[in-house]
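Listed here are the chains, written in short residue letters.
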Amino acid sequence: MKKHTVLVSGGAGYIGSHTAVELVEAGFDVVIADNLSNSDLGAVEGVRRITGVEVPFVEVDCCDREALRTRLFEAYDFDSVIHFAASKAVGESVRKPLEYYRNNLDSFLNVVDLMRAWGRPNILFSSSCTVYGEPDRQPVTELTPRKPATSPYGNTKQICEDILRDTVAASEGLRGIALRYFNPIGAHPSALIGELPRGVPQNLLPYITQTAAGLRECLSVFGDDYPTPDGSNIRDYIDVTDLARAHVAAVRRMIEGRCKEPYEVFNIGTGHGVSVLELIRRFEQANGLKLNYRIAGRREGDIVAIWADPTRANEELGWHARRNLDDTLRAAWAWEKHVRGME
Ligand code: NAD
Ligand code: WQD
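Quick caveat: nothing in here was measured; it's all calculated off a predicted structure. (Residues numbered from 1 in each chain as written. Chains lettered and ligands numbered in written order. Predicted model: local features only at pLDDT ≥ 70, side-chain atom pairs only at ≥ 80, totals over all residues. Heavy atoms only, no water.)

**Considerations on the site of ligand 1**
Around ligand 1 sit 27 residues in total, of which D34, N38, S39, K88 and Y153 are the nearest. At 2.8 Å, a side-chain N or O of K88 approaches an oxygen atom of ligand 1. Y153 places a side-chain nitrogen or oxygen 2.7 Å from an oxygen atom of ligand 1. For ligand 1, whose unbound accessible area comes to 820 Å², protein coverage reaches 95%. Mapped onto the shell around ligand 1, the elements with two or more residues apiece are α1 (14–25), β5 (122–128) and α6 (152–170). (Near = heavy atom within 4 Å. Polar contact = N/O pair within 3.5 Å; in protein donor to acceptor, adjacent residues only side chain to side chain. Areas by Shrake-Rupley, 256 points an atom, 1.4 Å probe, with all protein chains shown as cover. Helix = DSSP H or I, 4+ residues; strand = E, 2+ residues; numbered from the N terminus.)

**So, the sheet that holds strand β4 (residues 80–83)**
With parallel pairing, 7 strands are arranged side by side in an open sheet as β3-β2-β1-β4-β5-β6-β11. The open sheet is flanked by β3 (57–59) and β11 (263–268), the only strands paired with a single partner. Each strand axis lies, on average, 20° off the axis of its neighbour in the sheet, ignoring direction. Inspection of the sheet shows β4 paired to β5 by 4 bridges, in the parallel sense. Bridge pairing in β5 places V81 opposite I123. On the sheet, helix α8 (residues 240–255) packs against β1 (5–9), β4, β5, β6 (175–181) and β11 and is oriented at approximately 165° with respect to β6. (Pairing = 2+ DSSP bridges. Axes fitted to C-alpha atoms, helices over the stretch in contact; angles between N-to-C directions. Contact = heavy atoms within 4.5 Å.)

**Describing the pairing of β1**
Taking burial as the measure, the 5 residues of β1 include 5 buried ones, the bulk of the element. A two-sided burial pattern is seen for β1, the buried positions comprising T5, L7 and S9 on one face and V6 and V8 on the other. As paired elements, β1 and strand β2 (residues 29–34) share 5 bridges and run parallel to each other. Bridge pairing links T5 to D29 in β2. Note that β1 and β4 share 4 bridges and pair parallel. Note on β4: the bridge partner recorded for S9 is H83. (Buried < 20%, exposed > 50% of the residue type's maximum accessible area, 1.4 Å probe, protein only.)

**Quick look at the nonpolar core**
Membership of the largest hydrophobic core comes to 39 residues, with the highest contact counts inside it found for L179, I268 and L317. Elements with a contribution of two residues or more to this core: β1, α1, β2, α2 (41–51), β6, α8, β11 and α10 (311–317). In this structure, L317 is in contact with L179, A246, A249, A250, R253, F266, I268 and R312, ignoring residues within four places of it in sequence. With 29 residues, the next largest nonpolar core counts A33, C62, M115 and V265 among its residues. (Core = buried A, V, L, I, M, F, W, Y, C linked by side-chain atoms within 4.5 Å.)

**Remarks on the side chain of Q210**
With respect to the helices and strands, the residue Q210 is situated in helix α7 (residues 204–212). A polar side-chain atom of Q210 sits 2.9 Å from a polar atom in the side chain of R216.

**Some thoughts on the site of ligand 2**
Close to ligand 2 lie 19 residues; S128, Y153, S220, R235 and D302 are nearest. Contact distances for ligand 2 include 2.5 Å between an oxygen atom and a side-chain N or O atom of Y153. Here an oxygen atom of ligand 2 sits 2.7 Å away from a polar atom, N or O, in the side chain of N233. Look at ligand 2: alone it shows 690 Å² of surface, and the protein chains cover 88% of it.

**Considerations on the packing of aromatic side chains**
If you walk through the whole model with that rule in mind, you get 5 aromatic pairs. For the pair F73 and W118, a centre-to-centre distance of 6.0 Å together with 50° between the ring planes defines the contact as tilted. Taken together, the residues span a long stretch of sequence, with F73 in helix α3 (residues 65–73) and W118 in the loop between α5 (97–117) and β5 at a distance of 45 residues. F73 gets classed as buried once you look at its relative accessible area, which sits at 1%. (Phe/Tyr/Trp six-rings, centres within 6.5 Å; stacked < 30°, edge-to-face > 60°.)

**Focus on helix α11 (residues 325–339)**
Relative to the 21 Å expected for 15 residues at 1.5 Å per residue, α11 spans 21 Å between its end C-alpha atoms, a close match to the ideal helical length. Tucked into the core, α11 has its buried residues touching β7 (183–185), α7, β10 (237–239), β12 (274–275) and α9 (276–287). The distance from a side-chain oxygen at the start of α11 to the backbone nitrogen of D326 is 2.8 Å, and the residue carrying that oxygen is N324. Among the residues trailing α11, G341 stands out with phi positive, at a value near 60°. (Expected span 1.5 Å × (residues − 1).)

Right under this line is the structure:
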């Protein structure tokens, strides 16, 4: 049987590196492309060490169309791309909208256009539950209406979804899937790859692990007066290795011609909402430690609660989240300790 090659743009990043591992372990050839704007070669080395495969890495900016053409499309015979390459900090996108629109849209336009031009049929896009905004009803299904984006970052996800939908509709043989991730957390069980934010973490779990490691003095819980059982926000925290497997399932669906529509959307979450205070408690219990935290004011722009209905992904992709939250929280802590040389 032909061995399929998958181009993983942004593959040196957090979710891309975990997905590269799962793809190789599922029997795919992988090419990683990244401009290292928010990552370093350590993740690529981690992927190689975990898999035992010298996965090729191309340092390239996806906004540079000519470089993509010559260094990826001419050089490698992939039929699928998973496009992770994007800037992802919501707050920064509000301060630097043009940089976000330019990076996230130009890179995606280039990739989609070259896939079409070179007859490479399968495009998988990293979307986000951010497209739902503050939903009127929980859990959210793929039919839950998208709300107007509240940040340039969120807007780029909506626009890229639309670009993909419209392009595959107009291009015979092209297929697109958008995976809407909920809140990815955790690390590979080997502790060789994981999330490594630059500067002060904006997301909850890296802030928790850095506080536990002593890099941050105290975690601020952004609000305990929301209309939820314990007053803190509720999210659907999805293990990054589970999320990575969803990409393998989606690529297979495209390659095997099982897509029901040229463009499809799937929620990738566990289906369970967990509050901020609950996540802290579970982290403490799973790792046998106490976390220094305090209740702070609400963070502007936070939604109260959101969690996924993953039925469509369960039924159509045959994918289920299976890692238990305690294992995920232990893996996140093991990774933080590994990074800090704590054991
Ligand atoms: P990340 O920053 O760790 O990974 C993104 C990678 O893309 C980085 O390695 C970065 O260097 C690279 N990159 C950025 N712009 C590039 C460009 N122009 N050319 C080449 N490489 C470029 O982020 P992540 O958490 O792994 O997220 C991956 C994707 O998933 C992003 O598209 C993000 O928006 C999306 N997503 C992330 C989350 C989350 O909470 N982490 C949730 C939903 C969706
Ligand atoms: C989770 C919860 C915070 C930090 C963001 C993006 C979204 C998606 C995922 C990409 C919230 C609380 C956090 C802290 C806290 N990314 N918190 N103290 O806001 O759900 O989603 O990442 O697409 O688009 O908006 O994730 O990890 O920032 O926050 O109390 O120091 O933790 O208020 O309730 P969020 P998060």
